[in-house]
Every structure is written in C-alpha cells, then in structure tokens.
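Okay, here's what each chain looks like letter by letter:
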Amino acid sequence: MLRLLALSLCASFATAENGLSAWLRYAPLQGGQHFHSSVPSHIVALNSSTVSPVYIAGQELQQGLKSILGKQCNVHHAHYGGGSNIVVGTVAEYSKAYGALSSTPDLLDDGYLLDTIGNTVQIIGKNERGALYGAFAYLSKVAQGNFTKVAEVSNPSAPIRWTNEWDNLDGSIERGFAGNSNWFSNGSIVSNLTRTAEYARLLASIGINAVVVNNVNANASLLTPTNIEGLGRIADVMRPYGVQVGISLYFSSPTAGVKGQANLTNFDPLDESVVQWWSNVTDQIYEHVPDMAGYLVKANSEGQPGPLTYNRTLAEGANLFAKALQPHGGIVMFRAFVYNPLNETVWTADRANAQIEFFKPLDGEFDDNVVIQIKYGPIDFQVREPVSPLFANIPKSAVAIELQVTQEYLGQQCHLVYLGPLWKEILDYDLRVDNETSLVRNIISGERFNHSLGGYAGVSNVGTNETWIGSHMAMSNLYAYGRLAWDPTLDAQDVLQDWIRLTFNTNPSVIDAMTQISMESWPAYENYSGNLGVQTLTDILYTHFGPNPQTQDNTIWGQWTRADQKTIGMDRTVANGTGFAGNYPPEIAEMFENIATTPDNLLLWFHHVNYTQLLKSGQTVIQDFYDQHYAGAATAQTFTTLWESLQGKIDDERYYDQLFRQVFQAGHSLVWRDAIANFYYNLSGIPDEAKRVGNHPYRIEAESMELDGYEPYAVIPFEAASNFTAIVVSSNTTAGTAQTTITCPSGTYDVAVNYYDQYGGASHFVVSLANETIGEWTSNLKPWIGNSEGPRVLGHTPSIYIDGHSAMRITFSNVTVTKGDVLKIVGTPDGNDIAGLDYVSILPLGVVE
Ligand code: GCU
C-alpha cells in the first residue's frame, strides 16, 4: 500500500499545479543535469521495513533527485559498495553498517546531522524521524539549487511540535476553510486515508511530529471501539512519516453513553470509577495506537465540561489524564483557554485576566507529563495582542504556545496574511522574568525554566481541498509554522523565500513580488481591520470574517473595546483599570501601565482614552484610525497589481486562482475600511481631517437610482453599506432593475459594483450602459465542497445576511462611458440570495474608491 502511495505521489509531481504537493513539488531544476555529479548515484537507507521513516527517506530521496535533477539513483538498504553514496539512517544503524562516526554529533531527539562534504552525503538522525527530517532538509536545498557543501547539525527547538486539527466526527471542520475532514466522515474514520498519509508527509518535511486529529470541542463518541480501531489506522498511515497521533477528549465522556464503553453516573476526576474508566479507555487506545502522542483537553471553557463541576481544580482534571497516559509515555496538553462570561458594566472585569486567575495558583500542581497549552495572546488569535503573561507566571509548569495557522480572525484564507512576522514578534518577546532575559521561545522550549517538555501547537485545520488550507498562498503559514517550531530564531522572510522557491520557482522577480505581498500583508490587514491594539473588529458573534465592531461590546464574551462617543479602549492598568498590566513581570508591567511607554500598536489594549488622545506619531487616535484604514486598504490594492506581474512567470492554474483571491481581498479591504471608518465617525462625530470618510465623489448609491422590483434596505450593521443603505429585490422570485443616467464627463473609466453575496443562492447580475452589457456575473459564494472543481469559490464562513461578510466588489476595467448614458443593473435573485446591491463607482483610471 505504501509502495502504491509512493507511486501516486511520484505521478503527481508531473501533473497540474493544483497545490496538492505544496512545497514538495520537486520541480525540475533548470539545468539540473549539470548538477548530476554533485549528487551521489546510490542511496543507502538503513532500514528495509517499508513502514519505517528511514525507508521513506530513501524513497523520498530517490523520487526527489529524479524529479529535481533527472538523476536516477538506486536505493539499497544495507552497506553498499565503496563509491560515493547518500547514506541515511540513525546513528545506531550507521555505526553498525559503517563503523562509528569520526566524531559524535551533538544530537537531540529528532535532530540530524547533514554532511555533504566529501563524496558521500551523510544524513544521520538521532532517531528514525531525525533521519527523515535530514533527508527533507537535503532535498530542500537541492530543490532550491543550493549545492553548497555543508556539515551541519540541526536540532529541534522543542520536543512538542504538533498541529491541532479541529475536525469533527461528522466530517466538518470548526474554523476550517478548505473543505471537509480528510479522516472523519459520518461519525467515524474514513477508509481511504491517502490524503492523511500525504498530509503526514508534508508535516514531516517541516519537522512536525504529531497531529491532534479531532476538534478541541471534542465528541465522546471518538472513544467507541470502532473509532479507536480507526485511530489505529490513521496512526498506521502517519507513522512512516514520524508523525504521531494525538486526540482531543471530551471531559465528561464517562457519562456520555459511549457505545462499547461503560456508562458512569459522574465524571468527577477524583472518583475511582472515573479514574478507572479513563485508564481502561487509554489502555484500549494504546493497543491500537502504541505510540499515541497524548491527549489535548479543553475543559471548563466555552461550555465544555470540566473538573470545576465537581469543585476539583483544573490541575486535578489534567492529572486524571496524565496518570492514565503516564505508563504509556503519553502527555496531556491542557489548554489555558479557560474563562467565564463577564459583565461589561463592571469596569474591572477582564477576560484577559482569566488565565492568570485560573492557572497561576496551580503552578507546581500539574504532573510532569502535563503541558499547559497557551494561546499566544490572552484573548483569542486577534490581529494583535500582547504576549500572554501566563508564559511568565507558571515557571514550575511545562508550557506550549498555541498558534493559529488557519486564519479564523484574519481573513479566513480569503485575505492573504502571512503570519510568520506576527509569530516572530511573539516568540522573540522578552518577558523579563526576574529582570532577566526571558524570551517566549526559550520559555516554551523548556530552556528558561528547566523543563524537558514544551513546544508548539499550531491549529491548522486543513481540509480536502487540493490547496489543503483554502488558498495556495496561505500555505506559507503552515510551512512557516513548522520551520519556526523547529527553529524560532529563523527570519520570517527567509523562511517565506524558501517556501516561495519550493512552491513556485526561483525566478527573482517571482520571489520579490511574493515576498513584498506577503511581508506587507499582516500590517495591511491590521490597518484595515483593527489597529492600535483594539483587536480584529470583526463580528465575534457570527462568522468572525467581515467588519462589525459593535459586536465586541455589550456581550458576555469580554472581547470589549469600551467604545463610546468620546472614548475607546480597555483600561487594563493596575492604577485605574482591570489590573491586567500587572500580570507581567515588573519591567513589562511598568511599561504597559503608562500611556507614555505603551507602544502605539497596543495603546487601546491597555488604555481607555479619548479619541483625541495623541499618539507618539503626533496623530490623534481617531485620525490614526482613519489614516491606517485608508493606508491598509490602499496597500491591499497594490497586491493585485503585484500579483498580476507574475502572469506567465508561474503556472496559470495557481496564478488565476490566487488572482481571484487578491481581487476579492482588494474589494473586501475597502468594505473593511469604510465600515470601520464610518462606524467610528458616526460614534465620535469627529470628521476625517483628510475629508475621505463619508465623502465618495465617484459613487452612485444604489438606493438613489430609479428602482423597479428593487427596494431600499437598511443594512445591519449600518456601516456595512455605503450611506447605511443597500437595495434588495422586492420579491425573491423576480428580477429587479436599478438604473440611472450618467452625469460624469464622457471618458474611459473603471466601473466597480459593490454587491452582496449571501449564502443559500446564486443571484445573477447584468450591468449595462446604453443597453450594452458591460459585465455580468453570478454571485455564488458557497463553502468548499470536497474539491476545487467548478467555479472558484471562497472558503470563508458564509453569511446568510446582507452584511460585512457578504459584501463584495466586482470591477470592470476600461469602460467607455458617455455622459447621458443609462447605467442599468438587473439583479435576479436565487433562493435566499436577494441580489443585494450597495453602490456603483465610476472611477477615473487609476482611482480606487
Ligand atoms: C475560538 C474559536 C472557537 C474555538 C475556541 C477554542 O473561540 O472561535 O471556534 O473553539 O477558540 O480555541 O477553543
């Protein structure tokens, strides 16, 4: 079966660039034949078991060199000949076959030695997994045309380098934007696990060593005997790649009536029958998955059950699983994402304090095989958050950082946001514990507080879509996650450029354009979504996608901005506010306590200020809001142009797919810009000094047109429509018409139409000028359905409403417009999609508004 898989992977190298091979395309290197002599002709993989990582390494090297250089190498599994070979294996196997190494490399578990000096390439792992990682590292160099001689030892920064996948047993994926689960369907594990094996291969190539396969909002029925057997099958296909399986647990499983398991009357972690229950189930799992990595537990969080129900501590809850896993060598990743609903009228209430309140008192009470898994910020994967202070507050506990590869709050793979720089800022942050250097990356590696456990959990949520994650460019985030977990000292741009060379090609103009877009993408997204530390101003009650700032406040969820007519921001000072700033070690606490020393980009995270508060830049808060939202959206427009410069320089398939997404992002960034700027203008009444906000000289509001079968519609939230108003068809079975006479001077213009694409139907629009059609389109957003066949679709969580998530823009370029022409739009509704229209912009060439 593995041989077949290897063949099918091989075949996929030569086929269309659909994204499936990601950075492991092994594209032929230009002039590859000239490098044949730089690479030995024989591969010695020192394990003949087809399910061993070393065997896989041999296959991978053979396929890779054939594909990249056109060089056919033979693979052997024992000492071979006297000539130059690529030898891959563990230190132990190497010594057996070739005698002891001249000097013993300083290798940690999973580490490798890659020595290309001399006429033999040595790839020697501390363990089998390390040997496979070394093989991938070598192939990565060859694929990038890098034949520099190296003798390097590479060790992982931390032992835990996992992904978390929020896959549900029914096949859906929470916060997944790329189709359904590759391994679950209809309550059980699918029989065809080809994609699962391919995913393990990708993960191995970036040093990821375990995957938690099911959602943190877990389902007890994962623990039926049939599903446990299924987990064994998943583990079997991942094991050859050195990837272990972990699972998320539902805390009250003992009382959930799991088929095939005893049903108890309580789930108290100190009750002997409960302890026994988990121990039995754990033993059963290890029978099928002898190398299971461990459990991930979300307890007493967002409605999930946990030990607090029985007045037991979170540590007692975590240790319940730790004890069951301990004999098998497994670990518990216990999530720190615990908080209670709060009341915003209480000035000192603060969700950001919850982790400290829950976990700090428990430091020292967790068993040795418990790791506290902490999101990078104290709230929830926002576009900018300060580092979670919990990293500095539980020195006696092993910790891991939770990063989100899937872009839940960051554009859901429909906006390009390269996250390497965000993660680097967090990982490089110095928390100054005890006034000493305390970089987050050294805390999570275990180095700072002397723990042998620690590391990384990346919420990836890949799906069945061929791009894995929902867009070709977003895969840079999965790649960067693995590379940074292995070595967080790497530079985010260098990592990105490795990815570009491997995923696309080595053409300098391709690398330059993609680098520019990617490196500018996080700042741009921050600017047009929520700057100054106010958080991503998305709709936190619905899709987490488009703008909706007012949903942050007046809820129990504590993602508050406390914006009113005069002021905005959370007062998290010790002196007057929630006290959160005081959770940091003194040097950091002092900095955040004072406005004067708080960086502008976190001002509203820590301080409640007037809109007229001056920033360090000399600008007021409100004017900076306006300016940055305009600047961010303007940058997003340049991404389209930059991307267009790639036509013909990369394959058409990926070029057009990403172009579609860049055009969407450019349009949606304007929706964001206008919504946020209008919202705060409306709230504060303070006009934009540059007179942009609320002033749109090129727009024709749909509601001001002559309507037939269309009627005005007051959009909620108001800021998601220009002039607060859109139009929708009067009957959802009949087309509507909106028309107007052009009053601008005759000339050539770009005509942009802002409309809404609701889920649950595919309405159709036709735009004409003087009865000549200038464009038509079907508004057909739908979630990914298994694969990318058919029209391109966006994978974000859809909206059934006319709002900031469904708002879209389409532009027709270089249209000849004559003064006096009748501009007409006919919208035909379909199903629940009522052909909503916001405005038309007649734009002089070069203007985007
Ligand atoms: C966020 C996310 C949820 C998820 C939760 C978690 O709130 O929106 O979908 O379950 O984080 O991380 O547990």
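Below: a short report on this structure. Bear in mind that the values here come from a model prediction, so they are computed numbers and not experimental data. (Residues numbered from 1 in each chain as written. Predicted model: local features only at pLDDT ≥ 70, side-chain atom pairs only at ≥ 80, totals over all residues. Heavy atoms only, no water.)

1. A word on the nonpolar core
Here is step 1: Counting residues in hydrophobic clusters, the biggest one holds 213 residues, and the most contacted among them are W23, Y138, I247, F334, F359, I372 and I401.
Here is step 2: The dominant element in this core, judged by the number of residues it contributes, is helix 4 (residues 128-143), at 10 residues.
Here is step 3: Formed jointly, this core draws a minimum of three residues from each of two domains, domain 1 (20-154) and domain 2 (160-503).
Here is step 4: Contacts of I247, omitting those with residues within four sequence positions, involve V212, V213, N214, L222, L223, L231, I285, M292, G294, Y295 and L296. (Core = buried A, V, L, I, M, F, W, Y, C linked by side-chain atoms within 4.5 Å. Buried < 20%, exposed > 50% of the residue type's maximum accessible area, 1.4 Å probe, protein only. Helix = DSSP H or I, 4+ residues; strand = E, 2+ residues; numbered from the N terminus. Domains from an automatic or database assignment. Contact = heavy atoms within 4.5 Å.)

2. Considerations on the site of the ligand
Here is step 1: Around the ligand sit 13 residues, and of these E174, K298, R335, K375 and E408 come closest.
Here is step 2: Here an oxygen atom of the ligand and a side-chain polar atom of K298 are 2.6 Å apart.
Here is step 3: When the free accessible area of the ligand is taken as 320 Å², the share hidden by the protein chains comes to 96%.
Here is step 4: For the shell around the ligand, the per-class residue count stands at three nonpolar, two polar and eight charged. (Near = heavy atom within 4 Å. Polar contact = N/O pair within 3.5 Å; in protein donor to acceptor, adjacent residues only side chain to side chain. Areas by Shrake-Rupley, 256 points an atom, 1.4 Å probe, with all protein chains shown as cover. Nonpolar A, V, L, I, M, F, W, Y, C, P; charged D, E, K, R; others polar.)

3. A few points about the side chain of E526
Here is step 1: Following the sequence through the fold, E526 ends up in helix 14 (residues 508-529).
Here is step 2: Accessibility expressed as a relative area gives 7% for E526, which makes it buried.
Here is step 3: If near-sequence neighbours (up to four positions away) are discounted, E526 is found in contact with V383, R384, N531 and N601.

4. Structural notes on the layout of surface pockets
Here is step 1: In this structure, the largest pocket encloses a volume near 880 Å³.
Here is step 2: If you trace the largest pocket, you find 33 residues lining it, with V663, F664, R809, I810 and T811 closest to the centre.
Here is step 3: Of the residues that constitute the lining of the largest pocket, the class distribution is 17 nonpolar, 11 polar and five charged.
Here is step 4: Volume-wise, the second largest pocket comes out at about 560 Å³. (1 Å grid on protein atoms, 1.4 Å probe; cavity = no way out; pocket = protein on both sides within 12 Å on 5 of 7 lines; lining within 4 Å. Points joined across faces, edges and corners; volume = space filled by probe spheres on them.)

5. So, the side chain of T515
Here is step 1: Within the secondary structure, T515 sits in helix 14.
Here is step 2: In this structure T515 comes out as buried when scored by relative accessible area, which is 7%.
Here is step 3: Ignoring sequence-local partners within four residues, the contact set of T515 consists of Q493, L496, Q497 and I500.

6. Quick word on the sheet that holds strand 20 (residues 706-708)
Here is step 1: Taken in spatial order, the five strands of this open sheet run 20-23-28-25-26, and their pairing is antiparallel. Two strands bound the open sheet, and with one partner strand each, they are strand 20 and strand 26 (772-779). Between one strand and the next, the sheet's axes are offset by a mean angle of 15 degrees, whatever the strand orientation.
Here is step 2: With six bridges connecting them, strand 23 (residues 736-741) and strand 28 (residues 822-828) associate as antiparallel partners. (Pairing = 2+ DSSP bridges. Axes fitted to C-alpha atoms, helices over the stretch in contact; angles between N-to-C directions.)

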